[in-house]
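# Examination of the molecular architecture
Chain residues, written in single-letter form:
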Amino acid sequence: MIVVVGSINLDMITTVGRLPGPGETVRGTGFATAPGGKGANQALAAARAGAAVRMIGAVGKDSFAAEALALLRQGGVNLSGVREAQSATGTAAILVDEAGENMIALAPGANDSVLPGDLSRAAPKKGDVVLLQQEIPLATVQAALDAAAAAGAMTVLNTAPFFAETAGHLGKADFAVANETEFDLYCEALALAGDDRAARMRAYARKTGRAIVVTLGGDGVLAATPDEMLSVPALKIVPVDTVGAGDTFCGYFAAGLGAGLPLREALERAAAAASLACLKPGAQPAIPLATEVAAALK
Ligand code: RIB
């Protein structure tokens, strides 16, 4: 079982020719809404990878909630741990430009009401993988890392969005997954030394005794464990929309670990899934099925 404790949003996506600068207005070329939120996206990715998934989170008692949960329901994610909160369903205002690059502003709403007490509805067991991000209160993320460790469950922590104050608890996760920007910022916070990123990743693995995975967009993925350094390529694609690609990686990666795949294979499958997720607009609508990922890897 993959247990995801995380955010659920409704994404408001406007496509633009180019992203605006501060104080600038640009004309949009299209608009759509789609289910999103890093937690929900990762839960759906793990389910599409073939895992049994349980989601712990919160939505508002409003008209956005049903749409925010629609694809998770369709995907067979167990939503018994998703609560209705007094505040509004989380939303993300997303701009996507012609090159598939994006800007996101988040209104957390109900996600801020996911508290350590909610973990009683998660009850991870040995053999489970607990998958976390940082779009819910950080105290809940820390409590979930502790609860998972106490239960003997494996933990994967996606370090998005970046918060310097979480540097101290990164090493509690069996696998921390960061993008290159996040990892570079954590290197400063953790005073990790080394001539290049790979050396600093090795320093992280030595210091914490845990693994770090750094996603590099079109350049693939690097992973450092206390014992080995792995490099996995991305698929050669022309991106349409990169929103949710990192979430697709994390969900597939957690599902691969949960299924007992060797680390390299779990990384390869996740990297291919993340590449495919860049070929369609929207976060959740773009997450590929396991059969599509298998076909792309052949
Ligand atoms: O990682 C992409 C996600 O970030 C979007 O779906 C949006 O909801 C924000 O949480």
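Look above for the structure.
A brief structural summary. Since this is a predicted model, take the numbers as computed values, not measurements. (Residues numbered from 1 in each chain as written. Predicted model: local features only at pLDDT ≥ 70, side-chain atom pairs only at ≥ 80, totals over all residues. Heavy atoms only, no water.)

What follows deals with the packing of helix α5 (residues 180–190) against helix α6 (residues 197–208). Close contact between α5 and α6 brings their axes to 11 Å; oriented N to C, the two are set at 60 degrees. Our classification of the angle between α5 and α6 gives oblique. Classified by chirality, the crossing of α6 by α5 is left-handed. Taken together, the residues of α6 that come into contact with α5 (itself represented by Glu180, Phe183, Asp184, Cys187 and Leu190) are Arg197, Arg200, Met201, Tyr204 and Lys207. (Axes fitted to C-alpha atoms, helices over the stretch in contact; angles between N-to-C directions. Helix = DSSP H or I, 4+ residues; strand = E, 2+ residues; numbered from the N terminus. Parallel < 35°, antiparallel > 145°, perpendicular 65-115°, else oblique. Left-handed = near helix turned anticlockwise from the far one by under 90°. Contact = heavy atoms within 4.5 Å.)

On to the site of the ligand. Among the 13 residues in the neighbourhood of the ligand, the closest are listed as Asp11, Gly37, Lys38, Glu135 and Asp247. Taking glutamate 135, its side chain carries an N or O atom lying 2.6 Å from an oxygen atom of the ligand. Across the complex, the protein chains shield 96% of the 280 Å² of accessible surface that the ligand would expose by itself. Elements represented by at least two residues in the shell around the ligand include exactly β2 (9–16), α1 (38–48) and β7 (102–107). The class makeup of the residues in the shell around the ligand is four nonpolar, five polar and four charged. (Near = heavy atom within 4 Å. Polar contact = N/O pair within 3.5 Å; in protein donor to acceptor, adjacent residues only side chain to side chain. Areas by Shrake-Rupley, 256 points an atom, 1.4 Å probe, with all protein chains shown as cover. Nonpolar A, V, L, I, M, F, W, Y, C, P; charged D, E, K, R; others polar.)

Here we take up the sheet that holds strand β12 (residues 221–224). Overall, mixed pairing links the nine strands, which are arranged β5-β4-β1-β8-β9-β10-β11-β12-β13 in an open sheet. Single-partner strands in this sheet number two, and they are β5 (78–85) and β13 (229–232). Adjacent strand axes in the sheet meet at a mean angle of 15 degrees when their direction is disregarded. With four bridges joining them, strand β11 (residues 211–215) and β12 adopt antiparallel strand pairing. Each bridged residue has a counterpart across the sheet, and for threonine 215 the counterpart in β12 is valine 221. Packing against the sheet, helix α8 (residues 263–276) makes contact with β10 (175–179), β11, β12 and β13, and its axis sits at approximately 30 degrees to β13. (Pairing = 2+ DSSP bridges.)

Before going further, it helps to examine the pattern of salt bridges. Under the counting rule described, the total for this entry stands at nine salt bridges. A salt bridge links aspartate 118 to arginine 83; the nearest nitrogen and oxygen atoms lie 2.9 Å apart. Here the residue aspartate 118 occupies a position in the loop between β7 and β8 (129–132), and arginine 83 occupies one in strand β5, the gap between them amounting to 35 residues. Residue aspartate 118 is classed as buried on the basis of its relative accessible area, which comes to 8%. On the basis of relative accessibility, which here comes to 26%, the residue arginine 83 falls in the partly exposed class. With its nearest N and O atoms 3.9 Å apart, the salt bridge here joins aspartate 128 to lysine 125. Counted as one network, the salt bridges with shared partners bring together Arg83, Asp118 and Arg121. (Salt bridge = Lys/Arg side-chain N within 4 Å of Asp/Glu carboxyl O. Buried < 20%, exposed > 50% of the residue type's maximum accessible area, 1.4 Å probe, protein only.)

Moving on: the environment of leucine 216. Inspection of the secondary structure puts leucine 216 in the loop between β11 and β12. Once you skip the residues sitting within four places of it in the chain, leucine 216 turns out to touch Glu180, Arg197 and Leu222.

Inspection of the sheet shows strand β6 (residues 90–96) paired to β7 by six bridges, in the antiparallel sense. Counterpart to alanine 93 in the pairing with β7 is alanine 105. In this structure, the hairpin formed by β6 and β7 is closed by a connection of five residues, where glycine 100 is found at a positive phi of approximately 85 degrees.

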